[in-house]
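One letter stands for each residue in the lines below.
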Amino acid sequence: MATMTAAQRREQARVEYDAFLKSCPTNQLLDRISDKWVSLIVSALAPGPLRYSDLGRKIAGVSPKMLTQTLRSLERDGLLTRTVTPSVPVRVDYELTPLGHSLAMLLTAVKDWAETHFDQVRDARERYDGENPDD
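Given the structure is predicted, the values throughout are model-derived calculations rather than measurements.

Basis of the calculations
Sequence order as written defines residue numbering, which begins from 1 separately in each chain. A pLDDT threshold of at least 70 governs which residues receive local features in this predicted model, and a stricter bar of 80 or more applies before side-chain atom pairs are shown or counted, although totals over entire chains, interfaces and linings include all residues. Side-chain metrics rest on all non-hydrogen atoms present in the structure, leaving aside hydrogens and water. Strands are runs of DSSP state E lasting at least two residues, helices are runs of H or I lasting at least four, and both sets are numbered from the N terminus onward. Classification of residues uses two cut-offs on accessible area relative to the type maximum, computed with a 1.4 Å probe and protein chains only: under 20% is buried, over 50% is exposed, and between them is partly exposed. Paired strands, in this sense, are two strands between which DSSP finds at least two bridges. Note on contacts: a residue pair is in contact if any heavy atoms of the two residues lie within 4.5 Å. Angular values range over 0 to 180 degrees, each being the angle between N-to-C directions of two axes fitted as lines to C-alpha atoms, with helices fitted over their stretch in contact.

Along the chain, Ala7 turns up in helix α1 (residues 6-15). Of the residues examined, Ala7 reaches a relative accessible area of 43% and is grouped as partly exposed. Here the alpha-carbon distance between Ala7 and Leu106, two residues 99 residues apart in the chain, equals 30 Å.

Now the structure itself:
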């Protein structure tokens, strides 16, 4: 049996990714990027960099703790960069990386779809609830 190099093992694993398997790292990545806060933050940053405080104002309902945790996870995943400018007070800006911009195209499309089709979904829910009162 031939010995594989680390690069060959990584390439074989990449080819074998299967997001339907819970243990697959792509399943974990889908879990991360399907989060509501991730979608809103990435969409908010798509046009360009924003300060932490601007993000907090733009995204209604996000707590400072959740905003900070989500920004850190996106930075860790290589989807955005954090730039600290020493000043009084300290200025912190967030900007999507090229990888983040590629995701933003998809997440912004999903956000736009939700905004465009919500009335249809609401009508379907009301129809369903009227036909299935015990659910």
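In space, the three strands of this open sheet follow the order β1-β3-β2, with antiparallel pairing throughout. At either margin of the open sheet sits one strand with a lone partner, and together these are β1 (50-51) and β2 (80-85). Note: β2 against strand β3 (residues 91-96), six bridges, orientation antiparallel. When the bridges of β3 are listed, Val84 appears paired with Val92. Set on the sheet, helix α3 (residues 36-45) makes contact with β1, β2 and β3; between it and β3 the angle comes to about 95°.

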